Structures are given as C-alpha cells and as structure tokens.
Amino acid sequence: MTNKVTIRVPASTSNLGPGFDCLGVALRVYNVVTVSRATKSKPLAPIAAKAADLFFKRIKRRRFAFSCAATEKIPRSRGLGSSATIRLGILHGLNELTRRPLDRLSIFQLCAELEGHPDNAAPSSFGGFTVARAENVQRFEVSSRLKFVLLIPDFEIQTSAARKILPARISRTDAVANARNACAITAAFAARDYEKFRGTFIDHLHQPFRARLIPFLPRVLAVAEKAGALGAFLSGSGSTICAVTLRNPRRIAAAMERTTPCKSHIVITTADNAGTQIKPQTSNLKRR
C-alpha cells in the first residue's frame with residue numbers, strides 16, 4: 001500500500017482578458033505537495049482541512065490521519081492559481097492513498113467547488129489551454145513556441161477583494177465584445193494560429209475595474225504590445241500581468257518592468273501540457 005505520495009501541480013494564468021472564470025493556461029512553474037499517512041491526527045491548515053473534508057465526504061469513507069507539506073514556487077495571491085495547486089495536490093494525494101476512488105475529472109470538480117470557480121483548477125489538472133464550463137472541460141495542447149512573460153509585482157491581491165469591486169451588470173455591447181474576443185482566443189488556441197491573438201485580449205467585464213487595485217495595469221498592457229507582444233492581460237485577479245509572444249520575450253519583459261512603478265520580478269515560461277503529475281513513494285510507516 002502507498003503511504004506517501006508527491007504531487008507536482010502547474011501554475012495557471014486565467015481569464016486571459018475576456019474569458020472570465022472559464023479560460024486558462026497551465027504554466028511551467030510548479031508547486032509540489034507531499035501527502036503522507038500519519039499515526040495520529042495533527043492540526044491542518046484550513047485549505048488542507050477543507051479539501052480533506054470534501055474528499056472524504058464525496059467518497060463516503062472514514063477519514064484517516066495524514067500530514068501534508070508543500071514546496072511552493074508559485075507566489076501566493078498573485079493571480080497564478082497557487083491555491084488551486086495546493087488543493088489539487090491534497091486531493092490527488094488523498095486519492096492515491098485511498099487507491100484512486102475518483103478519476104481526474106472528479107478531482108477537478110472537487111477543486112473547482114472549493115475554489116468557487118473552475119478556470120485555475122482546469123488547466124492545473126489537465127494541462128494546456130482549457131475552456132471550463134460548469135463541470136465540463138475542453139483542453140488543447142499549446143506549442144512551446146508561445147512564450148508567457150509574467151510581470152509579478154511585489155504585492156498580493158486577494159481574489160475575494162478583487163471580485164467585490166466588479167459591477168453587478170455590464171452593457172449588452174460590452175458583453176457581446178467579451179464573448180467575441182473569448183471565442184477568438186479559443187479558436188486561435190485550437191488552431192495553434194497564435195498570430196490571431198492580436199486584439200483579442202481586450203476585456204470589459206473585470207480588468208477595467210480591477211485597474212483600481214493596479215493603477216499601472218493599462219500602461220503595462222499597452223507597453224507590452226508596443227514592444228511586440230501578441231497581447232497582454234491581467235492574470236487571474238492579479239497582481240501578475242501576463243504577455244504572450246512568439247518572439248523577443250526578453251525585450252517585452254524589459255519594457256513591462258520599466259513601466260511598473262513598484263518592485264517586481266519577471267518570469268518567462270511556456271505552457272505545461274501535462275497537468276498534475278503523481279509520484280507514489282514507499283514510506284516506512286506501518287499500519288496498525
């Protein structure tokens with residue numbers, strides 16, 4: 001029996017401008033979560049305890065003692081899906097320790113329920129570019145030619161705070177524009193015709209309002225495109241700003257960083273097409 005398992009889960013950039021709560025891409029930046037059976041229960045962090053509660057409730061089995069630890073390379077509260085990676089790591093770890101009663105789709109659904117939205121859980125689960133619609137996910141491979149330039153400011157934004165400032169309604173014109181752009185992004189990913197991204201990341205649903213929390217957002221988006229990016233957008237609820245390009249990522253990164261008035265750092269990466277990866281381990285723990 002497996003008593004210890006290590007789960008590697010990729011970061012994600014979500015929304016991609018107009019695809020609010022449905023579009024996302026997995027990125028080659030990772031959190032690693034190790035879940036082990038334990039001889040006695042110890043207090044867990046709330047994020048771990050809630051994931052475990054939902055998991056054992058769903059599989060209708062008696063809860064057992066376990067511990068978990070995370071090696072975190074994904075910065076927290078920066079719009080890169082850190083919380084989704086921790087939840088997925090715990091859910092997959094418990095699933096392995098209980099001999100896989102749930103499939104990957106079911107685990108994604110549990111994570112989306114815990115998150116309150118599916119756009120990070122989907123790419124981190126399945127890899128690539130994903131379109132999440134309720135409990136269903138469509139997935140597309142992403143070429144390594146496409147580079148993601150991440151400007152990560154040195155301040156956090158809580159998703160709950162970023163949602164509270166959104167309006168209850170937008171105009172029909174803005175809704176149509178968002179739907180049109182989200183469809184165009186999806187078509188470009190599906191066809192791998194990334195040049196068609198130009199002009200599609202414009203959003204009317206959340207970015208104009210979240211710019212109150214990140215006043216330099218419009219300037220950085222414009223500068224990234226001027227430097228040659230196919231487009232740029234707020235990653236999730238921020239504070240990370242993401243640009244996509246087929247060429248000259250370092251030039252784009254330098255332009256974005258020069259325009260940012262606060263301390264920040266740059267990560268240039270590509271899409272992860274594998275999603276959550278599982279590595280079972282044998283421990284010396286004996287069952288009693």
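Refer to the structure above for everything that follows.
The structure displayed is predicted, hence computed values, not measured ones.

Novice: It is not clear to me how helix H2 (residues 82-97) should be interpreted in this structure. Could you clarify?
Specialist: An α-helical turn contains 3.6 residues, so any two residues separated by three or four positions project in the same direction. End to end, H2 covers 23 Å across 16 residues, agreeing with the expected 22 Å (1.5 Å per residue, within 8%). Most of H2 sits out of view: 15 of its 16 residues are buried. Arginine 99, located one to two residues past H2, shows a positive phi value of around 65°.

Novice: What's the story with the packing of helix H1 (residues 46-59) against helix H3 (residues 104-115) in this structure? I'm lost.
Specialist: Relative placement of two packed helices is described by the angle separating their axes and the distance separating the axes. Following both chains from N to C, one finds H1 and H3 inclined at 135°, their axes separated by 11 Å at the closest point. Accordingly, the angle class assigned to the pair H1 and H3 is oblique. The interaxial crossing formed by H1 with H3 has right-handed handedness. Two secondary-structure elements touch here, H1 through Lys50, Ala51, Leu54, Phe55 and Arg58 and H3 through Leu110, Glu113 and Leu114. Residue composition of the contact of H1 with H3, by class: five nonpolar, no polar and three charged.

Novice: Is there a simple way to think about the packing of aromatic side chains in this case?
Specialist: How two aromatic rings sit relative to each other is set out by the distance from centre to centre and by the angle between their planes. Taken as a whole, this structure holds eleven aromatic pairs when the rule is applied. On the numbers, 5.3 Å between centres and 80° between planes, the contact of phenylalanine 55 with phenylalanine 56 is edge-to-face. When its relative accessible area of 5% is taken as the criterion, phenylalanine 56 is described as buried. Judged by centre distance (6.0 Å) and plane angle (70°), the ring pair of phenylalanine 189 and tyrosine 194 falls under edge-to-face. By the burial criterion, phenylalanine 189 is buried, and tyrosine 194 matches it.

Conventions used here
Residues numbered from 1 in each chain as written. Predicted model: local features only at pLDDT ≥ 70, side-chain atom pairs only at ≥ 80, totals over all residues. Heavy atoms only, no water. Helix = DSSP H or I, 4+ residues; strand = E, 2+ residues; numbered from the N terminus. Expected span 1.5 Å × (residues − 1). Buried < 20%, exposed > 50% of the residue type's maximum accessible area, 1.4 Å probe, protein only. Axes fitted to C-alpha atoms, helices over the stretch in contact; angles between N-to-C directions. Parallel < 35°, antiparallel > 145°, perpendicular 65-115°, else oblique. Left-handed = near helix turned anticlockwise from the far one by under 90°. Contact = heavy atoms within 4.5 Å. Nonpolar A, V, L, I, M, F, W, Y, C, P; charged D, E, K, R; others polar. Phe/Tyr/Trp six-rings, centres within 6.5 Å; stacked < 30°, edge-to-face > 60°.

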